[in-house]
Amino acid sequence: MRSRYSAYVMQDADYLVSTWYPQTRSPALTTDLLGSFGNTHWLGLTVYEAAAGENENEGYVSFVARFEEQGKESAIIERSRFLKENGRWYYVDGTRPQFGRNDPCPCGSGKKYKKCCG
């Protein structure tokens, strides 16, 4: 997960595409990634959970990636699913975990979710 975040920061679309699970890659993925790089300034990554999947070739990483676009700060909060094939991990998909407004923010700020990334 950290290497994929670094690739976003470094605007390395080739690496991101190569680490995306082949069966879930969009034909326009490279173009979409290149188009997203110009306006995004990445501010930090917090990985708050890594969990095993149903077998040794599946894993999950939950994270908060903070960024700024056009002067406005925001965050991606996701639980990403990875599959390992031939000894290599690939990003498959992700879901947004549900947090209550008064839950602690997963970014580690110590604030309530509603006052931070929510």
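Every chain begins its residue count from 1, and numbering advances along the sequence as written. Per-residue local features of the predicted model are confined to residues with pLDDT of at least 70, and side-chain atom pairs are confined, for both listing and counting, to 80 or more; whole-chain, interface and lining totals are unaffected and use all residues. Water and hydrogen atoms play no part in the side-chain values, which are based on all heavy atoms of the structure.

A. Structural context of the overall build of the chain. Helix and strand content of the chain: three helices and four strands. The globule rule used here is 2.2 Å times the number of residues to the 0.38 power, and the radius of gyration it is set against is calculated over C-alpha atoms. A compact globule built from 118 residues would reach a C-alpha radius of gyration of about 13 Å, and the chain, at 15 Å, matches this within 12%. A principal-axis box enclosing the C-alpha atoms of the chain has dimensions of 40 × 35 × 20 Å. Should any heavy atoms of two residues lie within 4.5 Å, those residues are counted as being in contact. Contacts in the chain between residues far apart in sequence, at least 24 positions, make up 38% of those at least 6 positions apart. Put simply, the chain shows about 7400 Å² of open surface, and 46% of that area lies on carbon and sulfur atoms. In summary, the charge assignment counts Lys and Arg as positive and Asp and Glu as negative, without counting His or the chain termini. Taken as the charge centre is NZ of Lys, CZ of Arg, CG of Asp or CD of Glu, depending on the residue. Side chains of the chain give 15 positive and 14 negative charges; the mean places of these two sets differ by 9 Å. Strands here are runs of E lasting at least two residues and helices are runs of H or I lasting at least four, both read from the DSSP assignment and numbered beginning at the N terminus. Here the open area of atoms and residues is found with the Shrake-Rupley method and a 1.4 Å probe, where only the protein chains shown may cover a residue.

B. Molecular detail of the nonpolar core. In this structure, Ala 7, Ala 13, Leu 16, Val 17, Trp 20, Leu 29, Leu 33, Phe 37, Val 61, Phe 82 and Tyr 91 together form the largest nonpolar core, which totals eleven residues. For this core, the elements supplying multiple residues, two or more each, are helix H2 (13–18) and helix H3 (29–37). If we ignore the near neighbours within four places in the chain, the residues touching Trp 20 are Arg 4, Tyr 8, Arg 25, Leu 29, Tyr 90, Tyr 91 and Val 92. Nonpolar cores were defined as sets of buried Ala, Val, Leu, Ile, Met, Phe, Trp, Tyr and Cys residues, with membership established by side-chain atoms within 4.5 Å. Only protein chains enter the accessibility calculation, which uses a 1.4 Å probe. A residue is then buried if its area is under 20% of the maximum for its type, exposed if over 50%, and partly exposed in between. Counting seven residues, the second largest nonpolar core, distinct from the first, contains Val 64, Ala 75, Cys 105 and Cys 107.

C. Region of interest: the UniProt feature "domain: YchJ-like middle NTF2-like" (unreviewed entry) in the chain. UniProt positions are given in the numbering used here, feature names are shortened, and annotations may be inferred rather than shown by experiment. Under the UniProt annotation, the feature "domain: YchJ-like middle NTF2-like" (unreviewed entry) is placed at residues 1–94. The straight-line gap between the two end C-alpha atoms of residues 1–94 is 12 Å; of that span, 24% is helix and 49% is strand.

D. Region of the structure containing the pattern of salt bridges. By definition, a salt bridge exists where a carboxyl oxygen of Asp or Glu is found within 4 Å of a side-chain nitrogen of Lys or Arg. Considering all chains together, one arrives at two salt bridges under this definition. Close ionic contact of Arg 81 with Glu 58 constitutes a salt bridge, the shortest N to O distance being 3.7 Å. You can see Arg 81 sitting in strand S3 (residues 72–85) and its partner Glu 58 sitting in strand S2 (residues 58–69), a full 23 residues away along the chain. You can call Arg 81 partly exposed: its relative accessible area is 23%. The network of salt bridges with common partners includes Glu 58, Arg 81 and Asp 93.

E. Representation of the packing of aromatic side chains in the model. When the centres of two rings from Phe, Tyr and Trp lie within 6.5 Å, Trp using its six-membered ring, the rings pair. Their planes under 30 degrees apart give stacked, over 60 give edge-to-face, and anything left gives tilted. Per the stated rule, a full pass over the model turns up seven aromatic pairs. Pairing Trp 20 with Tyr 91 gives two aromatic rings, centres 5.0 Å apart and planes at 80°, and the pair type is edge-to-face. You can see Trp 20 sitting in the loop between H2 and H3 and its partner Tyr 91 sitting in strand S4 (residues 88–95), a full 71 residues away along the chain. Side by side, Trp 20 and Tyr 91 carry an identical accessibility label, which is buried.

F. Layout of the pairing of strand S1 (residues 40–52). Paired strands are those between which DSSP finds at least two bridges. Alignment of S1 against S2, held across eleven bridges, turns out to be antiparallel. Residue pairing for S2: Glu 49 is matched across the bridge by Ser 62. Counting the residues between successive antiparallel strands, the hairpin from S1 to S2 contains five residues.

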